[in-house]
Amino acid sequence: MNMVLWPVVTLGGLAIFFGLVLAFASKKFAVEVDPRVTDIRNVLPGANCGGCGYAGCDALADAIVKGDAAITACPVGGSELAAKIAALMGVEADSMEKHVARVICCGDKNNAKEKYEYFGIEDCKAAEMLAGGSKSCRFGCTGLGTCVKACPFDAIHVVNGVAVVDEEKCTACKKCIAVCPKNIIELVPVSKEVRVLCKNTEKGKAVMESCKVGCIACQKCVKACKFDAIVFENNLAKIDYSKCVNCMMCAEACPTKTIYANFKNRKKAAIIDDKCIGCTICKKHCNFEAIEGELKGKHKILEDKCVGCSQCVAKCPKKAIEMK
Amino acid sequence: MTLLLLLVSTVFINNFVLSRFLGICPFLGVSKKVETAIGMSVAVTFVMGLASVMSWLVQYFVLVPLHIEYMQTIAFILVIAGLVQFVEMVIKKTSPTLYQALGVYLPLITTNCAVLGVAILNIQSSYNLITTLFNGIYGGISFTVAIVLFAGVRERLETAPIPKALEGFPIAMIAASLFSIAFLGFGGLFSKFF
């Protein structure tokens, strides 16, 4: 009996002794951690993906509390998480614009020609080495899905030969941007509906030969834009998103449909009659002659002319216009 | 005099890392920078000294009277694990910078076989309490000598022109083996001079 008893008692006794000593020590040597660090650590996604540039979620929580990192530093959690962290830190959450990756190419199999049939390994980088890929346009999406494999969130898929980002799932982690050999994936604010989907810097004729939907540098969008938000660089239209107001006029004007906008998302201005005092300020600022009405009379929006640029909303002194 | 001889013997001739091959894990893991290497060795030396004494006490006041010496390994592991936890708390409280520098390696001292090795060697060599204490500390010093010298070498390796295939760990392994061979050269020290 003793043969079994003594070892058990001894080890048990030692364990209890050390346990007590440690329990005492943990009280005596307790380090006070800022409770906010623990709280923030709890709301962070906890995947330790390193997307923020810190070693992990613990390190980021620490940096946020210290003030080294912004409350919006976590690219995965987005604005929802930023709001939670802001509440914990007791600061106002800046309306962090959610960014998403966008593939700047719309030359799918119907629009762009194939130079040759590619039988190599299914990887854009490999295809890139063979005369810049099989697509007739050397700037366009190879469509072999290297970005799809790189995406940890299943947010990018190849549809008819061109990679397309699922903006709901995209967390702006930039992993696809890093692997794309064509450099055609860009991070843009999600609220900006209008986009130029071409990277081809060649002259119009060359572009037309290789792709039906390439930017041919006709400059019609520049004329259509009432806000000077489109500039031309290297035979390519470029939207200055700080000026773009989502009026989608450029997309309407683009003859090759290179500029894409989802017209379903187009909003219309609506005047709240109770608040309108008939000052005509909105009418003066409307670039599209979509507002009518006399001085001191109620104004009216002409819905078929309104393009949803929301300039009148910003100018109305009585906040009598809203976007619907 | 005996203690002095023991020092030379433990640090150079029977170096824990380079001749007995104990504690290789932190030797390779924490030897990238001299600064962290020193921090780690201080922690190891401290734990080794304490663990030697504690395990000696456990051996002669608990295990031997109860005739359960065969429980030595598991009992010592318990002692060392408890001690490391304790040291971790103390360091966290007193020196947050050192705590950050040691990071994951501090709990790893628990599984550092050099600590268990020194505790068992003390018993096997039937040292008395004083010699045990010193042997523990000397063991730590021998670990310090090995890891700090090695960290110095690795810092130089960072900038040295090394073939691509050997960059990083491979060259560190080669350096470690050369180190070990060099230390084995102390082997004949006593028979020649004393």
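What you see is a predicted model, and the numbers here were worked out from it, not measured in a lab.

Attention shifts here to the overall build of chain B. When its secondary structure is counted, chain B shows ten helices and zero strands. Start at the N end of chain B and walk to the C end: the helices and strands fall as α-α-α-α-α-α-α-α-α-α. The buried share among the 194 residues of chain B stands at 44%. Of the contacts made within chain B by residues no fewer than 6 positions apart, 78% connect residues no fewer than 24 positions apart. Of the accessible surface of chain B, which amounts to about 9,700 Å², a share of 71% is contributed by carbon and sulfur atoms.

Okay, the nonpolar core next. Judged by nonpolar contacts, the single largest core of 50 residues is most densely connected at Leu18, Phe27, Leu63, Phe76, Ile109, Val115 and Phe150 of chain B. Of all the elements in the fold, those that place two or more residues in this core are helix 1 (2–28) of chain A together with helix 2 (24–29), helix 3 (34–63), helix 4 (72–94), helix 7 (113–124), helix 8 (129–159) and helix 9 (169–184) of chain B. Per-element tally for this core: the top contributor is helix 3 of chain B, with ten residues. Dropping the residues within four chain positions of it, Phe27 of chain B is found in contact with Val17, Leu18, Ala146, Ile147, Phe150 and Ala176 of chain B. If you look at the next biggest cluster of nonpolar residues, it comprises 38 residues, including Cys198, Ala237, Met249 and Ile271 of chain A.

Counting residues at the interface gives 19 residues for chain B and 15 residues for chain A. Taken together, the two surfaces of chain B and chain A that pack against each other cover about 1,500 Å², and 88% of this comes from carbon and sulfur. Put simply, chain B and chain A have zero salt bridges between them. Among the elements of the structure, helix 3 and helix 4 of chain B are those that each provide at least two residues to the side of chain B that touches chain A.

Moving on: the side chain of Ser180 of chain B. As for its placement among the helices and strands, Ser180 of chain B is situated in helix 9. Excluding anything up to four places from it in sequence, Ser180 of chain B contacts Leu18 and Phe21 of chain B.

A few words now on the packing of aromatic side chains. The tally for this structure, following the rule as stated, stands at twelve aromatic pairs over all chains. With 6.1 Å between their ring centres and 90° between their planes, Phe29 of chain A and Phe86 of chain B make a pair best called edge-to-face. Residue Phe29 of chain A is found in the loop between helix 1 and helix 2 (35–43), and its partner Phe86 of chain B is found in helix 4; the two belong to separate chains. On the basis of relative accessibility, which here comes to 22%, the residue Phe29 of chain A falls in the partly exposed class. Assessed through its relative accessible area of 27%, Phe86 of chain B is described here as partly exposed. Sitting over the face of the ring of Phe16 of chain B, Arg20 of chain B holds its NZ or CZ atom 5.3 Å from the ring centroid. Across from the ring centre of Phe169 of chain B, 5.2 Å away, lies the NZ or CZ of Arg154 of chain B, which sits over that ring.

Another aspect to go through is the layout of surface pockets. When its volume is computed, the largest pocket comes out at roughly 790 Å³. Looking at the largest pocket, it is lined by 20 residues, and the ones nearest its centre are Asp58 and Asp62 of chain A together with Lys92, Tyr99 and Gln100 of chain B. With six residues, the top contributor of residues to the lining of the largest pocket is helix 3 (residues 57–66) of chain A. Taken together, the residues that form the lining of the largest pocket break down as nine nonpolar, four polar and seven charged.

Here we take up the environment of Glu117 of chain A. Along the chain, Glu117 of chain A turns up in the loop between strand 1 (99–103) and helix 5 (124–128). Taking the C-alpha atoms as reference, Glu117 of chain A lies 9.3 Å from Lys135 of chain A; in sequence the two are 18 residues apart.

Moving on: a nonpolar patch on the surface. All names here are of chain A. A surface patch of nonpolar side chains, amounting to about 420 Å² of accessible area, comprises Met1, Leu5, Trp6 and Val9. For Val9, the location among the structural elements is in helix 1. Here Val9 falls in the partly exposed class, since its relative accessible area comes to 42%.

So, about the state of the cysteines. Residues and elements named next belong to chain A. Scanning the entire structure with this criterion turns up zero disulfides over all chains. Cysteine Cys106 is unpaired, with the sulfur of Cys105 as its nearest cysteine sulfur at 6.1 Å. Cys218 forms no disulfide, and the closest cysteine sulfur to it belongs to Cys221, at a distance of 6.1 Å. Exposure remark for Cys218: the relative accessible area of 31% places this residue in the partly exposed category.

Residues and elements named next belong to chain A. For the coordinates displayed, the defined rule picks out eleven salt bridges over all chains. Put simply, Asp154 and Lys169 hold a salt bridge, and the shortest N to O gap is 3.5 Å. One end of the pair, Asp154, is in the loop between helix 6 (146–150) and strand 2 (156–159); the other, Lys169, is in the loop between strand 3 (162–165) and helix 7 (175–179), and 15 residues separate them in sequence. Owing to a relative accessible area of 42%, Asp154 belongs among the partly exposed residues under this scheme. Residue Arg266 pairs with Glu252 through a salt bridge whose shortest N-O separation is 2.7 Å. A residue pair is termed long-range when its members are at least 10 positions apart, and Arg266 in the loop between strand 8 (259–260) and strand 9 (269–271) and Glu252 in helix 10 (residues 249–253) qualify at 14 residues. Of the residues examined, Arg266 reaches a relative accessible area of 18% and is grouped as buried. Judged by relative accessible area, which is 41%, Glu252 ranks as partly exposed. Among the ionic contacts, a cluster of salt bridges with common partners joins Arg102, Glu167 and Arg195.

Calculation rules
Residues numbered from 1 in each chain as written. Chains lettered and ligands numbered in written order. Predicted model: local features only at pLDDT ≥ 70, side-chain atom pairs only at ≥ 80, totals over all residues. Heavy atoms only, no water. Helix = DSSP H or I, 4+ residues; strand = E, 2+ residues; numbered from the N terminus. Buried < 20%, exposed > 50% of the residue type's maximum accessible area, 1.4 Å probe, protein only. Contact = heavy atoms within 4.5 Å. Areas by Shrake-Rupley, 256 points an atom, 1.4 Å probe, with all protein chains shown as cover. Core = buried A, V, L, I, M, F, W, Y, C linked by side-chain atoms within 4.5 Å. Buried area = accessible area lost by both parts, 1.4 Å probe. Salt bridge = Lys/Arg side-chain N within 4 Å of Asp/Glu carboxyl O. Phe/Tyr/Trp six-rings, centres within 6.5 Å; stacked < 30°, edge-to-face > 60°. Lys NZ or Arg CZ within 6 Å of the ring centre and 35° of its normal. 1 Å grid on protein atoms, 1.4 Å probe; cavity = no way out; pocket = protein on both sides within 12 Å on 5 of 7 lines; lining within 4 Å. Points joined across faces, edges and corners; volume = space filled by probe spheres on them. Nonpolar A, V, L, I, M, F, W, Y, C, P; charged D, E, K, R; others polar. Patch = residues over 30% accessible without salt bridge, like charges linked within 9 Å, V, L, I, M, F, W, Y side chains within 5 Å. Disulfide = S-S within 2.5 Å.

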